[in-house]
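Residue-level listing of the chains:
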Amino acid sequence: MSEQQKKGRLGEVIRFVVTGGVCFLIEQAVLSLLKEIFGLDVNIGTPIAFLVSVVKWVFPGADGSGGKTKAGFVLTSGIGFFLNWGIMALLTALLGQDSILLTLFGIQLKVYHLNKAIATLLVMVWNYFTKRLILKQK
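Right, let's walk through the structure included here.

Considerations on the side chain of E12
Considering the arrangement of structural elements, one finds E12 in helix α1 (residues 3-37). Taking the relative accessible area as the measure of exposure, E12 reaches 13% and is therefore buried. Of note is the side chain of E12, whose polar atom sits 2.9 Å from the side chain of Y128.

Brief notes about the pairing of strand β1 (residues 100-104)
With four bridges connecting them, β1 and strand β2 (residues 107-110) associate as antiparallel partners. Counterpart to T103 in the pairing with β2 is Q108.

Examining the nonpolar core
The biggest cluster of nonpolar side chains holds 13 residues, and the ones touching the most others in it are L31, V42, I87 and M88. Those elements giving two or more residues to this core turn out to be α1, α2 (42-53), α3 (67-95) and α4 (111-137). Ranked by residues supplied to this core, first place goes to α3 with four residues. Sequence-distant contacts of V42, defined by excluding residues within four places in its chain, comprise L31, K35, M88, T92, Q97 and Y112.

Thoughts on the packing of aromatic side chains
Within this structure, the stated rule accounts for six aromatic pairs. Seen in terms of ring centroids, F81 and F82 are 5.0 Å apart; in terms of plane orientation they differ by 90 degrees. Their pairing is edge-to-face. F82 gets classed as exposed once you look at its relative accessible area, which sits at 52%.

Observations regarding the pattern of salt bridges
If you walk through the whole model with that rule in mind, you get five salt bridges. As a salt-bridge pair, E27 and K116 come within 2.6 Å of each other at their nearest N and O atoms. You can see E27 sitting in helix α1 and its partner K116 sitting in helix α4, a full 89 residues away along the chain. The buried category is assigned to E27, whose relative accessible area is 3%. Put simply, E36 and K110 hold a salt bridge, and the shortest N to O gap is 3.3 Å. Here E36, found in helix α1, pairs with K110, found in strand β2; they are 74 residues apart in sequence, far enough to count as distant. Residue E36 is classed as partly exposed on the basis of its relative accessible area, which comes to 40%. By sharing partners, the salt bridges in this structure join R9, E12 and R132 into a single network.

A short note on a nonpolar patch on the surface
On the surface, L101, L102, L104, F105, I107, L109, L114, I118 and L122 cluster together to form a nonpolar patch covering roughly 870 Å² of accessible area. Every element with two or more residues in the nonpolar patch is listed here: β1, β2 and α4. By the secondary structure assignment, I107 is in strand β2.

A closer look at the environment of V111
Here V111 shows up in helix α4. Taking relative accessible area as the criterion, V111 reaches 7% and is therefore assigned buried. For the pair V111 and G80, spaced 31 residues apart in sequence, the C-alpha to C-alpha distance is 22 Å. In this structure, V111 is in contact with L95, G96, Q97, S99 and L101, ignoring residues within four places of it in sequence.

So, the side chain of T120
Counting through the fold element by element, T120 comes out in helix α4. With residues near it in sequence (within four places) discarded, T120 still touches F24, E27 and N84.

What counts and how
Residues numbered from 1 in each chain as written. Predicted model: local features only at pLDDT ≥ 70, side-chain atom pairs only at ≥ 80, totals over all residues. Heavy atoms only, no water. Helix = DSSP H or I, 4+ residues; strand = E, 2+ residues; numbered from the N terminus. Buried < 20%, exposed > 50% of the residue type's maximum accessible area, 1.4 Å probe, protein only. Polar contact = N/O pair within 3.5 Å; in protein donor to acceptor, adjacent residues only side chain to side chain. Pairing = 2+ DSSP bridges. Core = buried A, V, L, I, M, F, W, Y, C linked by side-chain atoms within 4.5 Å. Contact = heavy atoms within 4.5 Å. Phe/Tyr/Trp six-rings, centres within 6.5 Å; stacked < 30°, edge-to-face > 60°. Salt bridge = Lys/Arg side-chain N within 4 Å of Asp/Glu carboxyl O. Patch = residues over 30% accessible without salt bridge, like charges linked within 9 Å, V, L, I, M, F, W, Y side chains within 5 Å. Areas by Shrake-Rupley, 256 points an atom, 1.4 Å probe, with all protein chains shown as cover.

Here's what the structure looks like:
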């Protein structure tokens, strides 16, 4: 891999992590709002929060792509959606959702926050590699 390719890949990863981090924060905030204020179970709030947080594509190469690439993005994003939901449901069943892990400055971090962080990390890896693969094939 050339030096230029390494710099391009590093920039891609940085954009992906920053965008994913922002989406994660939005998703956590929406999930907390739905759970703590509206009393929704995390298994109901998770897909809503996920959909709210998905605001843009991470890879700029998708913008000018053809229908096949866009369809691939939609498909992998849909699978990511169901992976996120399924992982959250599994972790909620195994670890629960309401136990308090930590109270910091009056804010309670509960088990569902940890569950969401784990689910997001796993789905983020899925999203990165599948979307990268799709862009390489276009």
